[in-house]
Structures are given as C-alpha cells and as structure tokens.
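Here is what each chain is made of, one letter per residue.
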Amino acid sequence: MRVSFPSGLLVLLCACLVLAWDKEDYAIFDLHDKLIKIKGEKDETGNKINFYNILQIPTSATPIQLSRAYKKASLELHPDKNPDPKSAALYALLTSINGVLKDKELRERYDGHLKKGIPTWRGTGYFIARYKPSFTFILTFVALAISATQYIIQYVQYSQASTKLEALLAEQAATDSNDNLGYKNLRNMLEKVGHPESAAIKKAISSGVAVAQILKMPELDGVFTDEDRAQELAAEANESRGQLDVIKPSIKKTLLVQGPEFLYNLPAKITAFRKTFAEAYEVASKKASNTTKKGSSNDGVDGDDSDVDAKPKKQSIAKLMKEARTKPKEFEKKLDVAKKQKAAAEGDEAAKAELAELEAVAAADKPKKKTVVKEVLKSKSGITISKADFIKQKKEELARAEEAARVEAIAAAAKAKAAEEFVKANSADE
C-alpha cells in the first residue's frame, strides 16, 4: 500500500511533536487530566474546561488578576468553608494550576496546547512514565500486537484469494466447459480413460493449439462425454480449494504460538547439531590417525616422500570440495561409507555386513589389472626394488594422502550441512 506525501508528512510532524514533549509538558497533561476528571469536559455554559475558566479569568489575564482570582478561589474551595468532596479535590489542584499560569514559560506551553488541543495519545514514553508497566507486560503486549497483525494479514490474503477463486469458478461455470480445460486437464482425462497420448496430440500441445480444438481431432471423437469434462473441472476446483486451505488463517501461524514452540525446541536442535558435528569430527579424526600411522610405517623407502605427499593432498582437497558442490549424491554416499566404516570398527555387525556388500560390488566392478613385466630399480640408498613394486608403493602413498584429504573434506561438509539444516529449521519455525 503506497502512502501519499501529505500523509507521510503528517506522520512525520506528529512524530516530531511527540519527540518535542518533555517532563514539563507531561506534568501539564497530568494536571489537565486530573482537572477534567473532577469537573468534566465542559462547564455549565458549554465551554471546555481549562485552567483559566476554573479561576474565572480570561486567557489574557495579568499576573495581578491571576493572584486575586487564585486567592478568591482558594477561599471559596477551602475544605473548612466548602465540605463538597469535589471542591476539596479541586482545591488540591489550585496551587499547581496557579504555578503553571504564574510561570511565563509554562503558561506559554499551556496556551499552545490549548490552541492546538490537548493530545489524547502522548507517546509510549508518557505511557511508560505514568503507568510504569513491567518488562513482561511490554513483551506480552508486543507479542500480542505482532500476532494480531500476522493474523489480520493472513485473513486478508485468504479472503482475497478465496474471492478470486470463487469468481474464477463462477466464470468457468458460465462458459463452455471445453474452453476452460487446460493441457493438464486433457492429460488427466486421457489417463482416466486409458487413451494414449499420441504423437499428433503431443504435437498439437507443443504447438499451443487450444484444448477445445484438440478434442475435435478424429482420434478423440466420442472419447470424452460432457460428464467427464464436468468431473475434471470439479476435481480441479476441489484441488484449488485444497491449496487454498494451506493459507487459511490460523493462530498457530502467529508469533504467539511459534515463538514458544521455537524456544521449546531450541535445546533439542542445538543438541542434534552438536551430535552431528561430534560424529563427523570423530570419524575424521579416526581416519586421519589411521592414515598417519600407516604413513609413518612406510616412510623408510625414500626420505623425500613428504614433498610428493603434500601436492596431491592439496589437489585432492580441491577435488573433493568440487565434488561436494557438483555431485552431492556421490559425496553423500562416500560420507555414508565412512560412517559405516566407523560403526564396523566399533563392532556393529550390521554395518560390517553392509560394508562387505559394498566392497564386493566395488571389487566386481573394478577392472582387472594388466600383467606388467617386472623391472628392477635401485634407489640412492642402495635398496633394490622392482619397478612395479615402486609404482605400487607410490600409488599407495598417494592413496593414503587422498584418503586423509577426503576424510577432512567429509568432516567439513558434514559440519556445513549440519549448520545449513539448523538454519533452515530455525527459518521454518519463524
């Protein structure tokens, strides 16, 4: 809803006026409210009650006239001479009224408020200062106000959608049923009667031919009756009404219900997030420690292997992170295998069986190795080793480095996934 410039300017001016009020203004407002409570809004002649007509002086009265009027009113309203309870209450206000009118600045303020009208709503600051509500009351009031606003918005949206839907259905009922059918309706009708969607029908749909024209094709002549068309439109109308129920206003969709539910479920969500993160971290740590132990036991072949391991490790991390982004399903499978390996290591028989099945399938799909003629190599340290064994040893070292990198990437992905699920759950609750 657009707000016009004059309306926005008026709101801004009102806000400036509210911000301009201080303690002296609030004191004048309180004194005026007490006077109205005793004397009412208007006097016997129909004039609005104010400080001047209580003292029976004009707004232009001089200080001398004010002093004389104050003394006269004090004598008339004194409890010793006037036992009326209202007079006693008014007598208690005379000193404050006289103080406001005697002070030049306060009198100017009061005259300004009289000219513009004493405001009814004086801002939240005045309300809080006067009634001193507790923090619980303020929080409850804000929650109720937000919930009421949410419910009103839901009701308006539901009413508008319901009105549009009923108008559309009424318009469809008043026209020929063939003109109201769409391609989805046509496919549903074909499926119900068991008629295949031929190439000619598919071509007509792709070309944008109206359903009313498609139904006149020779192969569809006599296939559908008026009752079939009416039933399809009725089913579509019921489906639309069912979708409309999703946005039906409910108190459960407001802050009043969702707020406590979110706070109640928050500890469980935090616990689940911590558990997921701890499991992923434990799997990664165990794999990394096993890889380190295996790597340290095979370090005697060549002293310069650390340089060879470092580069493939960085490449494998980048490769795994790319795989996590581009092939999430395969990455999830790898993460599942890592969890099963952890469970099998802890003695879970079911996990062992599943892991054995996966390994058997992988072994069956793995291509057979070609026979390689062995060639003897001699390293700098004088150790004689065949070329095939040397290549195999290097491949194992690279595989260990890639496995360590894979485990680290799995742990990082699990942490990121858990954090994403936590954020999604929180946004859904809100």
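It should be noted that the structure appears before, not after, this text.
Everything numeric here is computed off the predicted structure, so don't read it as measured data.

Definitions and cut-offs
Residues numbered from 1 in each chain as written. Predicted model: local features only at pLDDT ≥ 70, side-chain atom pairs only at ≥ 80, totals over all residues. Heavy atoms only, no water. Axes fitted to C-alpha atoms, helices over the stretch in contact; angles between N-to-C directions. Helix = DSSP H or I, 4+ residues; strand = E, 2+ residues; numbered from the N terminus. Parallel < 35°, antiparallel > 145°, perpendicular 65-115°, else oblique. Left-handed = near helix turned anticlockwise from the far one by under 90°. Contact = heavy atoms within 4.5 Å. Nonpolar A, V, L, I, M, F, W, Y, C, P; charged D, E, K, R; others polar. Core = buried A, V, L, I, M, F, W, Y, C linked by side-chain atoms within 4.5 Å. Buried < 20%, exposed > 50% of the residue type's maximum accessible area, 1.4 Å probe, protein only. Arc of directions from axis to C-beta. Phe/Tyr/Trp six-rings, centres within 6.5 Å; stacked < 30°, edge-to-face > 60°. Expected span 1.5 Å × (residues − 1). Patch = residues over 30% accessible without salt bridge, like charges linked within 9 Å, V, L, I, M, F, W, Y side chains within 5 Å. Areas by Shrake-Rupley, 256 points an atom, 1.4 Å probe, with all protein chains shown as cover. Salt bridge = Lys/Arg side-chain N within 4 Å of Asp/Glu carboxyl O.

1. Re the packing of helix H10 (residues 183-193) against helix H13 (residues 226-244)
- In the contact formed by H10 and H13, the axes pass within 10 Å of each other and the chain directions differ by 120°. Classed by the angle they form, the pair H10 and H13 counts as oblique. The hand of the H10/H13 crossing is right-handed. The residues of H13 that touch H10, namely those facing Lys184, Asn185, Asn188, Met189 and Lys192, are Arg229, Glu232, Glu236 and Glu239.
- The class makeup of the residues in the contact of H10 with H13 is 1 nonpolar, 2 polar and 6 charged.

2. A short note on the packing of helix H2 (residues 23-39) against helix H5 (residues 85-102)
- Two numbers describe how H2 lies on H5: the axes approach to 10 Å, and their chain directions differ by 150°. Here H5 runs roughly antiparallel to H2, going by the angle between their axes. Crossing of H2 over H5 shows left-handed handedness. In this structure, H2 contributes Leu31, Lys34, Leu35, Ile38 and Lys39 to the contact, and H5 contributes Lys86, Ala89, Leu90, Leu93, Ser96, Ile97 and Val100.
- Across the contact of H2 with H5, the residue classes tally to 8 nonpolar, 1 polar and 3 charged.

3. Looking at the nonpolar core
- Core analysis: the biggest nonpolar cluster contains 23 residues, and Leu35, Phe51, Leu55, Ile57, Ile97, Leu101 and Tyr110 have the highest contact counts within it.
- Among the secondary structure elements, those contributing two or more residues to this core are H2, helix H3 (51-55), helix H4 (63-77) and H5.
- The leading source of residues in this core is H5, at 6 residues.
- Ignoring any residue separated from it by four or fewer positions in sequence, one finds Leu35 in contact with Gly40, Ile49, Asn50, Phe51, Ile54, Leu90, Leu93 and Ile97.
- Listed in part, the 14 residues of the second largest apolar core include Leu186, Ala204, Ile214 and Leu215.

4. Examining helix H11 (residues 199-206)
- Inspection of H11 places Ile201, Ala204 and Ile205 among the buried residues, and these make up the whole buried set. Across the axial projection of H11, the buried residues extend over an arc of 100°, all falling on one side. For H11, exposure combined with an orientation more than 90 degrees from the buried face picks out Ala199, Lys203 and Ser206.
- For H11, the elements touching its buried residues are H10 and helix H12 (211-214).
- Gly208 lies just past H11 and shows a positive phi near 85°.

5. Remarks on the packing of aromatic side chains
- Summed over the entire model, instances satisfying the criterion amount to 4 aromatic pairs.
- On the numbers, 4.0 Å between centres and 5° between planes, the contact of Phe51 with Tyr110 is stacked. On the criterion of sequence distance, the pair formed by Phe51 in helix H3 and Tyr110 in helix H6 (residues 104-116) is long-range, its members being 59 residues apart. Each member of the pair, Phe51 as well as Tyr110, carries the same accessibility label: buried.
- We classify Tyr110 as buried; its relative accessible area is 0%.
- Among the aromatic side chains, those forming a connected cluster through ring pairs are Phe51, Tyr52 and Tyr110.

6. Structural notes on unusual backbone geometry
- Of note, Gln56 is a non-glycine position whose phi angle comes to about 60°, a positive value.
- Take Gln56: it is sitting in the loop between H3 and H4.
- The exposure class assigned to Gln56 is exposed, which follows from its relative accessible area of 63%.

7. Section: H4
- Helix length check: H4 (15 residues) gives 21 Å between terminal C-alpha atoms against 21 Å at 1.5 Å per residue, within 8%.
- Turning to H4, its buried residues are Leu66, Ala69, Ala73, Ser74 and Leu77. Each buried residue of H4 lies within a common arc of 135° when the element is viewed along its axis, so the set occupies one face. Away from its buried face by more than 90 degrees, H4 exposes Ile64, Arg68, Lys71 and Leu75.
- The secondary structure elements touched by the buried residues of H4 are H3 and H5.

8. With respect to a nonpolar patch on the surface
- Judged by side-chain polarity, Leu144, Tyr151, Ile152, Tyr155, Val156, Ile251 and Leu256 come together as a nonpolar surface patch covering roughly 650 Å² of accessible area.
- Element by element, the count of residues in the nonpolar patch is highest for helix H8 (residues 135-174), at 5 residues.
- Here Tyr151 lies in helix H8.
- Overall, Tyr151 belongs to the partly exposed group, its relative accessible area being 35%.

9. Considerations on the pattern of salt bridges
- Overall, the coordinates contain 4 salt bridges when judged by the stated rule.
- Two residues, Glu105 and Arg109, come together in a salt bridge whose shortest N-O distance is 3.5 Å. Highlighted residues: Glu105 and Arg109, both in helix H6, separated by 4 residues, approximately one helical turn.
- The residue Lys394 makes a salt bridge to Glu397 at a minimum N-O spacing of 3.7 Å.

Geometric descriptors of this kind do not, in isolation, establish any biological role.
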